[in-house]
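Remarks on the overall topology
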Amino acid sequence: KQEVTQIPAALSVPEGENLVLNCSFTDSAIYNLQWFRQDPGKGLTSLLLIQSSQREQTSGRLNASLDKSSGRSTLYIAASQPGDSATYLCAVKEETSGSRLTFGEGTQLTVNP
Amino acid sequence: GAVVSQHPSWVICKSGTSVKIECRSLDFQATTMFWYRQFPKQSLMLMATSNEGSKATYEQGVEKDKFLINHASLTLSTLTVTSAHPEDSSFYICSVRSQGGLGTDTQYFGPGTRLTVL
């Protein structure tokens, strides 16, 4: 059974700092990995999707990497801003599970002005 | 990406009543939708896969008679929580499956519905 773990569970940083969020998964037979943002009481916003054949994806100040063989992904946020404060979730789609996504429990990020 | 709406955005009901939550795909036809549940400080747990014109597929441990899913059209899926109890209080989120070119397979999520059962 696929298990997704995110470390740390919570993170508080001053504005402007670069930071890294970690995601690990137990079964490396994944189809893709996705990073989402969730604001309090809201749905999910997709940030980056990395196919299993890719090593990284970038969007603005965000960079996500994927090491499939070791079961790890990182989300790098450059020059953090207070507006980045949210919960960040990673989810994996397994090769054999159809469209099923398995989510981690998230990292709650607070960027202090 | 696809636009997904949910209605209502929040609902408070008495224990024992039934509550219906709607999930709509506003800009494309979705043969497959998903229903998730999220408890406070926890992640999303898949409850069921909703297939247009056929029965939903429920995850292990999810009671199909308690959580009724209907996907009667390509743009609407409904989740009815029957005889709701306080332990059913949660954040319910739906998503729609979009299969695009080059083998892409993506889910787009709705804004969620906060259910509180008194």
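First things first, this report covers the structure right here in the doc. (Residues numbered from 1 in each chain as written. Chains lettered and ligands numbered in written order. Predicted model: local features only at pLDDT ≥ 70, side-chain atom pairs only at ≥ 80, totals over all residues. Heavy atoms only, no water.)

1. Some words on the overall build of chain B
Counting secondary structure elements, chain B contains zero helices and 11 strands. In chain B, the order of α-helices and β-strands from amino to carboxyl end is β-β-β-β-β-β-β-β-β-β-β. Here the C-alpha radius of gyration of chain B, 14 Å, is about what a compact globule of 118 residues would show, namely 13 Å. C-alpha extents for chain B along the principal axes are approximately 45 × 30 × 25 Å. In chain B, the proportion of contacts linking residues at least 24 apart, taken out of those at least 6 apart, comes to 53%. (Helix = DSSP H or I, 4+ residues; strand = E, 2+ residues; numbered from the N terminus. Rg over C-alpha atoms; globule rule 2.2 N^0.38 Å. Contact = heavy atoms within 4.5 Å.)

2. Quick word on the environment of B:Tyr58
Residues and elements named next belong to chain B. Tracing the backbone through its elements, the reader meets Tyr58 in strand β6 (residues 57–58). Leave out the neighbours within four places in its chain, and Tyr58 touches Met47, Ala48, Glu63, Lys64, Phe67, Leu68 and Ile69. Here the side chain of Tyr58 touches Phe67 through a polar contact of 2.6 Å, landing on its backbone oxygen. From its side chain, Tyr58 meets the backbone nitrogen of Ile69 in a polar contact 3.3 Å long. (Polar contact = N/O pair within 3.5 Å; in protein donor to acceptor, adjacent residues only side chain to side chain.)

3. Brief notes about the sheet that holds strand β1 (residues 4–7) of chain A
Residue and element names in this part refer to chain A. In spatial order, the strands read β1-β3-β8-β7-β6; together these five strands make up an open sheet with antiparallel pairing. The sheet is open, and its two edges are formed by β1 and β6 (56–59), each paired on a single side. Looking at each pair of strands side by side, their axes are set apart by 15 degrees on average, direction ignored. The pairing of strand β7 (residues 62–67) with strand β8 (residues 72–77) spans six bridges and is classified as antiparallel. Paired with Asp67 across the strands is Arg72, a residue of β8. (Pairing = 2+ DSSP bridges. Axes fitted to C-alpha atoms, helices over the stretch in contact; angles between N-to-C directions.)

4. Section: unusual backbone geometry
Geometrically, the link from A:Ile7 to A:Pro8 is a cis peptide bond, its omega value of -5 degrees lying close to zero. Considering the arrangement of structural elements, one finds A:Pro8 in the loop between β1 and β2 (10–14). B:His7 connects to B:Pro8 through a cis peptide bond whose omega is 0 degrees. Within the fold, B:Pro8 resides in the loop between β1 (4–7) and β2 (10–13).

5. Brief notes about the nonpolar core
In this structure, B:Trp35, B:Phe67, B:Leu79, B:Tyr92 and B:Leu115 are the most contacted members of the largest nonpolar core, which totals 24 residues. Within the residue set of this core, elements represented by two or more residues are β2, β3 (19–25), β4 (32–38), β5 (44–51), β7 (67–73), β8 (76–81), β9 (90–99) and β11 (113–117) of chain B. Once residues lying within four places of it in the same chain are set aside, the contact partners of B:Phe67 are B:Arg37, B:Met47, B:Tyr58, B:Val62, B:Leu79, B:Thr80, B:Val81, B:Asp88 and B:Tyr92. Counting 22 residues, the second largest nonpolar core, distinct from the first, contains A:Leu21, A:Trp35, A:Ile77 and A:Tyr88. (Core = buried A, V, L, I, M, F, W, Y, C linked by side-chain atoms within 4.5 Å. Buried < 20%, exposed > 50% of the residue type's maximum accessible area, 1.4 Å probe, protein only.)

6. Description of the pairing of β4(B)
Residue and element names in this part refer to chain B. The buried fraction of β4 amounts to seven of the seven residues, a majority that puts the element mostly inside the structure. Two strands pair when backbone bridges link them, and β4 and β5 are joined in this way by seven bridges, in the antiparallel orientation. Along β5, the bridge assignment pairs Tyr36 with Leu46. Between the end of β4 and the start of β5, which pair antiparallel, lie five residues, with Lys41 showing a positive phi angle near 65 degrees. In this sheet, β9 lies alongside β4 in antiparallel orientation, the contact comprising six bridges. Paired with Met33 across the two strands is Val96, which belongs to β9.

7. Concerning the pattern of salt bridges
This model, assessed by the stated rule, comprises five salt bridges over all chains. Residue A:Asp39 pairs with A:Arg37 through a salt bridge whose shortest N-O separation is 3.0 Å. Here A:Arg37 falls in the buried class, since its relative accessible area comes to 17%. Here B:Glu59 ties to A:Arg100 by a salt bridge, and the two come within 2.4 Å at their closest N and O atoms. Taken together, the residues span two chains, with B:Glu59 in the loop between β6 and β7 and A:Arg100 in the loop between β9 (86–94) and β10 (101–103). Its relative accessible area of 17% is what places B:Glu59 among the buried residues. Looking at A:Arg100, the relative accessible area reads 32%, which means it is partly exposed. (Salt bridge = Lys/Arg side-chain N within 4 Å of Asp/Glu carboxyl O.)

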